[in-house]
Structure formats: structure tokens, C-alpha cells
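# Understanding the architecture of this molecule
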2 protein chains.
Amino acid sequence: MALNIRRLDSRDAGFDATLAAVLAFEAGEDAAIDQAVAGILADVKTRGDAAVLDYTRRFDRLDAQHAPNVEALELRADELDRALDGLEPARRHALETAAARVRAFHEKQATESGTHSWQYTEADGTMLGQKVTPLDRVGIYVPGGKAAYPSSVLMNAIPASVAGVREIVMVVPTPGGVRNDLVLAAARLGRVDRVFTIGGAQAVGALAYGTRTVPAVDKIVGPGNAYVACAKRRVFGTVGIDMIAGPSEILVICDGTTDPRWVAMDLFSQAEHDELAQSILLCPDAAYLDAVQAAADALLPTMPRQAVIRASLEGRGALIQVRDMAEACAIANRIAPEHLEISAAAPAQWAEQIRHAGAIFLGRFSSESLGDYCAGPNHVLPTSRTARFSSPLGVYDFIKRSSLIQVSEQGAMTLGRIAAELAYGEGLQAHARSAELRMETLAAPDPAA
Amino acid sequence: MALNIRRLDSRDAGFDATLAAVLAFEAGEDAAIDQAVAGILADVKTRGDAAVLDYTRRFDRLDAQHAPNVEALELRADELDRALDGLEPARRHALETAAARVRAFHEKQATESGTHSWQYTEADGTMLGQKVTPLDRVGIYVPGGKAAYPSSVLMNAIPASVAGVREIVMVVPTPGGVRNDLVLAAARLGRVDRVFTIGGAQAVGALAYGTRTVPAVDKIVGPGNAYVACAKRRVFGTVGIDMIAGPSEILVICDGTTDPRWVAMDLFSQAEHDELAQSILLCPDAAYLDAVQAAADALLPTMPRQAVIRASLEGRGALIQVRDMAEACAIANRIAPEHLEISAAAPAQWAEQIRHAGAIFLGRFSSESLGDYCAGPNHVLPTSRTARFSSPLGVYDFIKRSSLIQVSEQGAMTLGRIAAELAYGEGLQAHARSAELRMETLAAPDPAA
């Protein structure tokens, strides 16, 4: 049965409203989940290890023999080594190459992204600047079960490691006691320091508040289910968090000269993640849109995840005819997609017109899947139009800055006068007097002179 | 009546627990406020201008003559000019000097903080990098009434302006129709593009969703009351927001050689903000702590805001004797204060030991009040221990990054093999096929050859 992907034309009346409706995604907040999570977090905060143990036994179906205490749920370093050593050689090589490339990119990012301290001195001796320090300790949440992605371990751990975070603590549930060796090997390559086989809201609580066994961290990153997302929202403020991700998205802009099968498969590669994932193609050439539709129809039966792909493409996908490539770029800026492929000859001219996208893949050989695994840039990207104001996960998410202000005696006179004037204007007299007391002392004749 | 500030000693049994109790601050969530805000936001989203107008008339006590429609609530550019021109010369000079210094610091910050695009090309022709773009449009919330701080206007608008944000939209309520000329003059100096005299949750909703008259922005920054803070939390995701600030804090580390009146007044300058503000002094010298207590007692009657200062210092303040300056630095890292003054000879040796603080003021002439107004660095700083993972407001908050990935034909072969291997490992076959389709074409003999 042919794929019933919606077909739009930017010249149609009502196109803007139709596009807005296709893009609309409201992250539903489930009150029952929120209540459950609030209870789990409060319990972990109060009872610590005992609560973590109770929830882990219950939700991950572990008995007292396999989970006698939280200490027993920590993996030893040699268990990670063994997971890596046990991988089939081709897979190990692929994982190691991916880790090395991701590390190289993020090392370049560290040098280019202002993760260094700096200061300057003014004529009167006043020094101003910013001191940059890595976070002390970071927690990485890794889902267990079917959505266990070793690539996510690398993408979350490596920027923290490159930033110089002192300790990286990973949590990963092992439902029924089943471990994922590829995930553990990735933890080893990502230089994770400690791994606890716990998950859910109880793991988020343990990382946020700390327990006798699990150390409190300063920031929690990584994807998770609705319970984990809710728990991260709730502990935000006590610790930092990364963005709460919505469904994954790809927007392909094509000039009509790429093999239609390549574009169809790129749309599939996003659609296979999740029925709510969104794949959209923009092209000025109606015949090319037909060709992609035909290629998609021909390729779909070959895909093991065809049910998910169909649900995603028919529910949230779109093939859109645009006036020209410039209009395609304008629409891309409105969509602000997580992933943008510019599948065209001379793609740089179009990339220049893009202001909002998590990642821009230039040229027909740059399939999104290469970026997902091993090109080097991070695959944790802003979704749901948040690329308008946020960035890929990076080294800059694992550092923070402190302002440096050292005012000279002369500076205390000139700045003091300005500060006092403005402080009085705001009705904050102690602010004014704090500056003036120093000015009075500096202006007084030196008793020793 | 002498100030009853709690006195602690780091050698006392139970000091850690006592300090933790002194620091504890739970930002209370008020369910009634949350419900009210949810209703206002939903109404603004649905009814737009009409809802904004209704709430503004009601909450800011404006009649239909003064608020006939939302257009009439926008200030014209010449009204800002007039506010600036009408300032008393000394105050105007102070405001202009502060604006120029804040701009100069943030321009330096822009060059030092990696707000430029970058890319590099690998041996096989694959290009990787990041494109940096400013946000399109930013909203600045400015409180009206008694807590109207022109310095906050400068501190929020200038980093956005330096980052290259295309349009800066300010909202400021004018309860009873009363405008604050110093705030409007600061908007002019901060290069704010548009000003609407609206406030509360309705203004946050208008900025987040857009109305016919108020343009939708990409990020909302700036302080506000509990309704505004709640509204910002609720629209987060639709737009970016800055941190939700807790009560302001100062920690002074003193080696006992600074005029005790200066330190007492610095503690006052934080305490006068708010009864929940926190002022703490650490010093190895018990006699010096006595001297600061005596200076505080002597100075308090001279302060117009003495009631607030007393409530703050007696409720949340502390004078703490420590073993030595190194221990003071260790405690400072535990507190992770918003403002840290190192009031000591040779302060740099101690600043080196500080990992967590919003701003570090070095040396006895660097009173916090200079930083609040005119030293140059931003006065919007992380509170409530969030300096462990977040930074002062800066140019970097008004830019975002897009990854750039342009894979060469050769790169598509080598990276494709790795990506396919890992994608099969994760059970994502469309990801693998997307890479393999390109490899198959590239590996096939050229039919034209």
C-alpha cells in the first residue's frame, strides 16, 4: 500500500496555516506521571539509598539477591573493560572510530568556543574579566531496554570529558538485570568515571540530591522516557539540565538533482525513530517530489521498521513544493528544524541563508545518519523550533563562568561616583554608601604623609 | 538595638549542618499563582491583544481613555529620547558612563567567548564546524513600581545588542500610568527597539506567543515578581528564558585587614534588597568579626532601609570564624555565592582557589555596588548555588549555534561504513541504508567511463 504522505504547495491559499498545523506539537504533560515522579523524588531525597533500592527492585524487576544494596548496583571499571573487549572487532572498531572523531570535533570546539578564562586591565589599573571553570560533577542518564543507544553515551560523555569535568557519573537501568555491552563499552570510550545500573525518576533524584552511595552531581544530561523528562524538569534549579527533547525532526531541502532513493531513505531514517518523528521535504520541482514518493513506496517494504516509518510519515511528514530554493530557505528558518539537509549542488549558497537549525548537512553525500554516529559534531540537538534560541550539546554546556572585578584605588574614585549616583536614583542607599565610604577614605589626607 | 546576626565557628561540632540550614532556601511554588498564570497565558494565547488589554487595564488600573488599545501602550522613540534628555545632568552622565562601560565589557566578552562561526576541513575534503547566529528577537521584562531598576535595563539589553539581536522588545508595566524616566532613558541607551507599557503574566504571554500588536520573541530575559517568574517557567520551551533568580546573596571573605565599616556596608548593600537576601562574612579573626558587628550596629541607624537590612541580616545573615583563608575558599565553593568579595591583601591567590561564584570581586576597593552599576560585567548572576553550573548573563546567551557537516565523496565511504555498522547495532536499519545507498553508488563503476 502506497505511503499516504501529505503533499503541500507553498503557493496554495492557506499554506502558512496548514504548515503551522503540521508543525504543531504540544508536549503533553501527564498529571499522573507528574504526581508519581514528585512522590519518588521526595522519597529519594528523604530516604536516599533505601528508596533508590526499593524503586529499582520494583521497576527493574530485580530481587534482593541481584540488588542487595545500591553499592552492588555500581559497575566496576573492569566490567566496562570487559564489555569493550568482548565486542565483535568490526563493531569495536566502528565505536572507537566514532569516539575518536567526536572527541576531535569537541576538542576543536573547546578551542573555538571561548572556554578559556580572559581578563584585561584598564588605564587606571582596574582589572575585568571572566574565569572559566568546568563543572565539578556531571550525571548522564542513559535509557535501558530497546532505546539503548551507545552513540548517545558518546555524544553526552565526550563533551563533558573534553570540558574537563572532574567526574562523570552514568546511570543506566538494567530491566530484568539485562546489560547492554555496547552501551557499557561506549561508557568506557567516553571516559565515564562511575556507572550505576539504576534508572527512572529514582536515578534522577539520586543524582540531583545525592545519597550515601550515589554522589550528587551539578548537572544531569541525556534522554529518557516521560518519567525521566518530568524528573529532570523538577530537579532543575537544584542541578542544571540539558534541554527536554521533543520528537526528532529532519527537513530536507533538495534542488531536485539528488538520487530520489537517497532522499527517501533520509526521510525514513528520521521516521523510523518514533511515530511522532517528523520528516519534511522541500523542493521546487513537482516531478522530483513524485519521484521521491515513488522511491519511498518502493523502499518501504524493505524496512524492518516499516510500521513506525509509515505512521510517522503519514501522521507528521510532508512533501512540499516551493517556488524556489530561496523560499525553501525562508521556510526552513520558520521551521527551525533539528536536522536540515541541503541536498543540492553548491549547497553553501543556501546554508548562508539559514539562521535557525540544530545541524546543517551540506551536499548530497552528507546524510544525517553520518552525523548521528560519527561525523564528529554532537547529535544532541534542539528540537521543536528551539533552534531559534538554543544550540547543539557542546563543551560549552559543561563549563561556567565567573566574572572577575578588581577595582584599583583610582577606579574606586571614578566608578564610586557613578555607582553612588545611580544607587541613590534607585533608592538603594547602602549601595551608594558602600562606594562612598571608600571614596571618603581615599580622598582624606594621608595621616602618615 | 544591636543587630542580632548569627555567629558561627567552622570548628564547632555540627558546623556543616548548621551552615546547610542557614543556606537552605526553598523557592516556594504557590499553587494559586500558578493557576492564575496558567489562565492568563491561555487567554493571551487565544484572544491576543484583547486579553492583554483587559488584564493591563485591570492590574495596572488604566481606564479606556489611557489604554484604548495595545497600540496605544507602545512608547514612541521620541518618548525615550525625551526621557533621556529630561534627566538631571549628573544622573544622565552616570547612566551614560555605566552604559558605555557595560557595552565595552560585553564587546570584549563577544570576542573572547567564541561567538564566531568556525570550520575546518579534513584530509578527505570533509568540512565540519559551527555557524553562530544571534537570536532574531528578544524580549526584556522590566518590573514597574518600586523595584524599577534602570541598571537592570542596561544589563539585560546591552549583551543582546552586542550579540547582534535584530530586535529588542521591552515590556514594563506602568501601574496607574506612572512612567519611570530613568528606566526609559536606560532603554534608549541600551538600544531597545520597541517598548510596550504592559507587564505581568500577560506581557510574558504576549512576548511568547505574539499578538497582532506585540511581536513574538525567541527568548525572554529579566527579573519580575512571582507571577512573572511563574509565567516565564510556563512559556519555557516555546521561547528561551534566562534563569529564574532566587534572593540575592553576598559572601565576603576577609583577611581582617579591611576597614570593618566597609565590610559592614557591603553586607548591608545586599541585605537592603530584600528580607530574604543573604549576607555572610567569613574571617579567620574573631576580633575582626566583633569589629564588623560593632560597625554594623553603629551604621544601621543611618540607613533609610534599616528595617529590611535588619530582617535580612538577622534572618539569613551570618558572621563565621574560619580556621584560615584556605578554609574560607573551600566554604565559598560549597556556598557557590552569587557575589563573592575577597577583601584581602593579594586577593589573586585566593581567587585561584574559587571554582564556584557568579562574580568574584578582588581586593578591598572592589565593592559589589561598583559591579552592580558600572564596572562593566553583568549584574545578572546565578543565585541559590546555581553558580555550580551556570554563568552571568552574557553575549553568549543571545547567540546560538548550528553544526555544519559537509561530507566529501571519500568521507561518505569511510564514515558510511562506520555509521552503518553502529546503526545496525542499534537496530536502526534506515540509518544504515541511508549511508549504504550512497556507498553503493560511489563504489559502482562509472557508466560513462
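Residues numbered from 1 in each chain as written. Chains lettered and ligands numbered in written order. Predicted model: local features only at pLDDT ≥ 70, side-chain atom pairs only at ≥ 80, totals over all residues. Heavy atoms only, no water.

Take the sheet that holds strand S6 (residues 167-171) of chain B next. All names here are of chain B. In space, the 6 strands of this open sheet follow the order S2-S7-S6-S5-S8-S9, with mixed pairing throughout. Edge positions in the open sheet fall to strand S2 (74-75) and strand S9 (240-241), since each of these has one partner strand only. Sitting on the sheet, helix H8 (residues 200-209) is in contact with strand S5 (137-141), S6 and strand S8 (219-221), with an inclination near 175° to S5. Running over the sheet, helix H9 (residues 226-235) touches S5, S8 and S9 and is turned about 160° from S8. (Pairing = 2+ DSSP bridges. Helix = DSSP H or I, 4+ residues; strand = E, 2+ residues; numbered from the N terminus. Contact = heavy atoms within 4.5 Å. Axes fitted to C-alpha atoms, helices over the stretch in contact; angles between N-to-C directions.)

Glancing now at the relation of the copies chain B and chain A. One copy of the chain maps onto the other through a rotation about an axis followed by a shift along the same axis. You can overlay chain B on chain A at an RMSD of 0.0 Å; the transform is a turn of 180° with a shift of 0.0 Å along its axis. Each copy turns onto its partner about a two-fold axis. Among all residues of chain B, the minimum C-alpha distance to the rotation axis is found for B:Gly114, at 2.1 Å. Interface overlap between copies is the fraction of interface residues in one copy that are interface residues in the other; for chain B against chain A it reaches 100%, indicating a shared surface. (Least-squares fit on C-alpha atoms with pLDDT ≥ 70 in both.)

UniProt's entry tags A:Gln270, A:His273, A:Asp372 and A:His431 with the feature "binding site: Zn(2+)" (unreviewed entry), counted in the numbering of this structure. Spatially, the listed residues are scattered: they cover 162 residues, and their C-alpha atoms lie as much as 55.8 Å apart. For A:Gln270, the side chain forms a polar contact with the side chain of A:Ser248, separated by 2.4 Å. With respect to the element layout, A:Asp372 can be found in helix H15 (residues 368-373). When neighbours within four sequence positions are excluded, A:Asp372 is seen to be in contact with A:Ser151, A:Met155, A:His339, A:His379 and B:His431. (UniProt positions renumbered as here; feature names shortened; annotations may be inferred. Polar contact = N/O pair within 3.5 Å; in protein donor to acceptor, adjacent residues only side chain to side chain.)

Here the focus is the environment of B:Ile140. All names here are of chain B. You can see Ile140 is positioned in strand S5. Judged by its relative accessible area of 0%, Ile140 is buried. Each C-alpha atom, one on Ile140 and one on Ser248, is 20 Å from the other, the two residues being 108 residues apart in sequence. When near neighbours in sequence (up to four residues on either side) are disregarded, Ile140 contacts Asn156, Ala157, Ile168, Val169, Met170, Val171 and Val221. (Buried < 20%, exposed > 50% of the residue type's maximum accessible area, 1.4 Å probe, protein only.)

With 120 residues of chain B at the contact, the number on the chain A side is 120 residues. Here chain B is connected to chain A by 10 salt bridges. As a salt-bridge pair, A:Arg388 and B:Asp218 come within 2.8 Å of each other at their nearest N and O atoms. Tallied by class, the residues present in the side of chain B that touches chain A amount to 57 nonpolar, 34 polar and 29 charged. (Salt bridge = Lys/Arg side-chain N within 4 Å of Asp/Glu carboxyl O. Nonpolar A, V, L, I, M, F, W, Y, C, P; charged D, E, K, R; others polar.)

Think of a pair of aromatic rings as described by two things: how far the centres are apart, and how the planes are tilted against each other in angle. Residue and element names in this part refer to chain A. Applying the stated rule across the entire model yields 10 aromatic pairs over all chains. Considering the side-chain rings of Tyr55 and Phe59, the 5.9 Å spacing of their centres and the 10° angle between planes classify their relative orientation as stacked. Residue Tyr55 and its partner Phe59 are located together in helix H3 (residues 49-59), separated by 4 residues, close to a single helical turn. Judged by relative accessible area, Phe59 falls into the partly exposed class, the value being 40%. (Phe/Tyr/Trp six-rings, centres within 6.5 Å; stacked < 30°, edge-to-face > 60°.)

Sheet strands line up and pair through hydrogen bonds in the backbone, either parallel or antiparallel. One open sheet accounts for 9 strands, arranged S1(A)-S12(A)-S11(A)-S10(A)-S13(A)-S14(A)-S15(B)-S4(B)-S3(B); its pairing is mixed. The strands lining the two open edges of the sheet, one partner per strand, are strand S1 (7-9) of chain A together with strand S3 (118-121) of chain B. If you compare each strand with its neighbour and ignore which way they point, the axes differ by 20° on average. Pairing between strand S10 (residues 249-254) of chain A and strand S11 (residues 278-283) of chain A: 5 bridges, direction parallel. The residue of S11(A) that forms the bridge with A:Ile253 is A:Leu282. Most of the contacts of helix H11 (residues 286-299) of chain A go to strand S12 (residues 318-321) of chain A, to which it runs at about 165°, and overall it touches S1, S10, S11 and S12 of chain A.

What follows concerns the pairing of strand S15 (residues 399-406) of chain B. Counting buried positions along S15(B) yields 7 of 8 residues, so the element is predominantly enclosed. Alignment of strand S14 (residues 359-362) of chain A against S15(B), held across 3 bridges, turns out to be parallel. Each bridged residue has a counterpart across the sheet, and for A:Ala359 the counterpart in S15(B) is B:Ser403. Sheet analysis places strand S4 (residues 127-134) of chain B next to S15(B), joined by 8 bridges and oriented antiparallel. Pairing of B:Pro134 across the sheet is with B:Ile399, part of S15(B).

All names here are of chain A. The UniProt feature table records "binding site: NAD(+)" (unreviewed entry) at Tyr141, Gln202 and Asn225. On the basis of their most widely separated C-alpha atoms, the annotated residues across 85 residues gather in one place, lying no more than 12.9 Å apart. Residue placement: Gln202 occurs in helix H8 (residues 200-209). In contact with Gln202, not counting residues within four places along its chain, are Ile40, Val44, Val52, Tyr55, Thr56 and Phe59. Note on placement: Asn225 falls in the loop between strand S8 (219-221) and helix H9 (226-235). Judged by its relative accessible area of 47%, Asn225 falls in the partly exposed class.

Attention shifts here to the pairing of S6(B). Residue and element names in this part refer to chain B. Across the 5 residues that make up S6, a large majority, 5, are buried. Side-chain alternation along S6 places Glu167, Val169 and Val171 on one buried face and Ile168 and Met170 on a second face that is also buried. The pairing of S5 with S6 spans 5 bridges and is classified as parallel. Counted as the bridge partner of Ile140 is Met170 from S6. One ladder, built from 3 bridges, connects S6 with strand S7 (residues 194-196); its direction is parallel. Of the residues in S7, the one forming a bridge with Val169 is Arg194. Where the polypeptide runs from S6 across helix H7 (residues 181-189) and back to S7, its parallel neighbour, the crossover connection is right-handed. (Right-handed = clockwise from strand over helix to strand, strands pointing away.)

Inspection of the secondary structure assignment puts B:Glu368 in helix H15 (residues 368-373). For the buried B:Glu368, no salt bridge is present, and the opposite-charge side chain at shortest range is A:Arg438, 10.0 Å distant. A polar side-chain atom of B:Glu368 sits 3.4 Å from a polar atom in the side chain of B:His339. Discounting residues that sit within four places of it in the chain, B:Glu368 has contacts with B:Ile250, B:Gln270, B:His339, B:Glu341 and B:Phe361. (Lys, Arg positive; Asp, Glu negative; His and termini not counted.)

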